[in-house]
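# Results of the structural survey
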Amino acid sequence: MTLTTDPGSRTKAAPAGPTAAERARLERAFRIPRTRFLIGLPIAALVLFWSFAGAQFNFLKLGEGAVNMGDFLMRLWPPDFSKFDVILRLLIETFQMAIVGTVLGAGLSLVVAFGAASNIAPKWLYYPSRWVMNIIRSVPDLVFALMFVSAVGLGPFAGILAMTLGSIGSIGKIFAEAMEAVDRGPVVAMEAVGASKRQIIQYGILPQAAPLLTSYTLLLFEGNVRGATILGLVGAGGIGLELTTAMRMYDYGHLSAIIICIILLVTLIDQGSALIRRRIT
C-alpha cells in the first residue's frame, strides 16, 4: 500500500490494485472454454439448418411474395378515420381490459410465485406450483379465451379472465425466478436471529425483488394490451373483433386506421413504462 499526498498536505492510503490471484480469477470469468465452444458450434449449426428445413423457411419464396406484400400495404393507404369514435371506444375498452387483467394476473402470479420459489417454498409445494405454471403456459391464450367465452359469453369479461389465467403461467415463473435470485446475505442474517418465514419474505426477499417485480408487471401490462387485441378475434372484447371484421370486409382504409391507433396506444404505453422503470431503478 502506498501513501499519497493531497493538496491539503494530508496523507491518505491509495487503494491497492488486485492481486495476481484476483486478476487471474477475473480473467477466467470471461474466458470461453475453447474445446466446448469448438464442439458446440457445429452442433448448433446443424440444429439451425435442421430447424430451417423442418420449418420450410425459403428465402426465394419470401422474395417472390414481396410483391404481394407491397400490394397489400399499398391498399392500406390512405387510412379512413370516419369511424374514429368506434375505434376510440374499443381502444379504451382494450386498455381497460389490460389494466384489470394485469392487476388480477400479477396478484395471482405473485401468490403462485411464492410456492414456486425454491428459496421460499417447501418441496411438497414447489414442484406442484411449477407443474401448474408449466401446464398453464403450454395452453395458448386463445384457447382460454374460447373457454371463457363459452362460459360467460362474448365480451371483455371473457378476455380479462383469459389474460388473468394466462399471466399465471408466464409472469408467475418470472416472479419466482426474481425472488430466487435475491442476495442470500440478508436472508441468512435474518434466519440467524430467528426471524419467521413471513418476516424473511417481507423484509429480506420482497424489498430486493421489488424493482424486478415492478418491471415485469409493466412488461405484463404491455403484453396484455397486445394480447387484448388478439383475444378480440374470438369475441373476447377489445378492438380485435373490429380489426377482424375490417379484414373480412376488405375495408382497408378502416383497417389502416385501426392499426395506426393501436401502434400509437402501444407506443404511449411503452414510453410510460420506460419512464416508470427509470424511476424505480
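Residues numbered from 1 in each chain as written. Predicted model: local features only at pLDDT ≥ 70, side-chain atom pairs only at ≥ 80, totals over all residues. Heavy atoms only, no water.

### Looking at the overall build of the chain
In terms of regular secondary structure, the chain is built from 11 helices and two strands. Taken from N to C terminus, the helices and strands of the chain fall in the order β-β-α-α-α-α-α-α-α-α-α-α-α. Once local pairs closer than 6 in sequence are excluded, the contacts in the chain between residues at least 24 apart make up 71%. Surface summary for the chain: the accessible area is close to 17900 Å², and the carbon and sulfur share equals 69%. (Helix = DSSP H or I, 4+ residues; strand = E, 2+ residues; numbered from the N terminus. Contact = heavy atoms within 4.5 Å. Areas by Shrake-Rupley, 256 points an atom, 1.4 Å probe, with all protein chains shown as cover.)

### A word on the confidence of the model for the chain
In the predicted model, the chain carries a mean pLDDT of 80, and the fraction of residues at 70 or more is 87%. Confidence, expressed as mean pLDDT per element, reaches its minimum in the chain at strand β1 (residues 3-5) with 47 and its maximum at helix α4 (residues 84-116) with 88. In this model, residues 1-11 is a region of pLDDT below 50 whose contacts with residues beyond four sequence positions or in other chains number 14 contacts. (pLDDT = per-residue confidence, 0-100.)

### A word on the environment of Val139
Tracing the backbone through its elements, the reader meets Val139 in the loop between α5 (123-138) and α6 (141-152). Judged by relative accessible area, which is 27%, Val139 ranks as partly exposed. Spatially, the C-alpha atom of Val139 lies 8.1 Å from that of Gly166, the residues being 27 residues apart in sequence. (Buried < 20%, exposed > 50% of the residue type's maximum accessible area, 1.4 Å probe, protein only.)

### A short note on the nonpolar core
Within the largest apolar cluster, 21 residues are counted, with the highest numbers of intra-cluster contacts made by Ile120, Phe175, Met179, Ile200 and Ile205. Of all the elements in the fold, those that place two or more residues in this core are α4, α7 (156-180), α8 (184-192) and α9 (197-231). Here the element with the most residues in this core is α9; it accounts for six residues. Among residues more than four places away in sequence, those in contact with Met179 are Leu110, Ala113, Phe114, Ala117, Asn119, Ile120, Ile205, Leu206 and Ala209. (Core = buried A, V, L, I, M, F, W, Y, C linked by side-chain atoms within 4.5 Å.)

### Description of the environment of Ala158
Inspection of the secondary structure puts Ala158 in helix α7. Along the backbone, Ala158 and Ala236 are 78 residues apart, and their C-alpha atoms lie at a distance of 5.3 Å. Not counting residues up to four positions away in its chain, the partners in contact with Ala158 are Phe148, Val149, Val152, Gly153 and Ala236.

### Considering the packing of α4 against α9
Relative to each other, α4 and α9 sit at 145 degrees, their axes nearing to 9 Å. Here α4 and α9 pass one another in a crossing that is right-handed. On α9, the residues touching Thr94, Phe95, Met97, Ala98, Ile99, Gly101, Thr102, Gly105, Ala106, Leu110 and Phe114 of α4 are Ile201, Leu206, Leu213, Thr217, Leu220, Phe221, Asn224, Val225, Ala228 and Thr229. Here the residues of the contact of α4 with α9 sort into 14 nonpolar, seven polar and no charged. (Axes fitted to C-alpha atoms, helices over the stretch in contact; angles between N-to-C directions. Left-handed = near helix turned anticlockwise from the far one by under 90°. Nonpolar A, V, L, I, M, F, W, Y, C, P; charged D, E, K, R; others polar.)

### A closer look at the packing of aromatic side chains
Scanning the model with the defined rule gives five aromatic pairs in all. Each ring, one from Tyr126 and one from Tyr127, has its centre 5.0 Å from the other, and the planes form 80 degrees; the classification is edge-to-face. Among the residues examined, Tyr126 registers a relative accessible area of 15% and is labelled buried. Taking the centre distance of 6.3 Å and the plane angle of 40 degrees together, the rings of Tyr127 and Trp131 count as tilted. Of this pair, Tyr127 and Trp131 both sit in helix α5, separated by four residues, roughly a single helical turn. (Phe/Tyr/Trp six-rings, centres within 6.5 Å; stacked < 30°, edge-to-face > 60°.)

### A closer look at a nonpolar patch on the surface
On the surface, Leu48, Phe52, Phe57, Phe59, Leu62 and Met69 cluster together to form a nonpolar patch covering roughly 620 Å² of accessible area. Where the nonpolar patch is concerned, the elements lending two or more residues are α2 (34-54) and α3 (59-75). Tracing the backbone shows Phe52 in helix α2. Residue Phe52 is classed as partly exposed on the basis of its relative accessible area, which comes to 33%. (Patch = residues over 30% accessible without salt bridge, like charges linked within 9 Å, V, L, I, M, F, W, Y side chains within 5 Å. Salt bridge = Lys/Arg side-chain N within 4 Å of Asp/Glu carboxyl O.)

### With respect to the side chain of Ser129
With respect to the helices and strands, the residue Ser129 is situated in helix α5. Ser129 gets classed as buried once you look at its relative accessible area, which sits at 10%. A polar contact of 3.4 Å, which involves the side chain of Ser129, links it to the backbone oxygen of Gly115. Excluding anything up to four places from it in sequence, Ser129 contacts Val112, Gly115 and Ala116. (Polar contact = N/O pair within 3.5 Å; in protein donor to acceptor, adjacent residues only side chain to side chain.)

### Here we look at α7
When the terminal C-alpha atoms of α7 are compared, their 35 Å separation across 25 residues agrees well with the 36 Å that a helix rising 1.5 Å per residue should span. By the largest-angle criterion, Ile168 marks the main kink of α7, which is about 40 degrees. (Expected span 1.5 Å × (residues − 1). Bend = angle between axes of the 7 residues up to and from the residue.)

### Structural notes on unusual backbone geometry
For Tyr250, which is not glycine, the phi dihedral falls at a positive 55 degrees. Structurally, the position occupied by Tyr250 is in the loop between α10 (240-248) and α11 (252-280).

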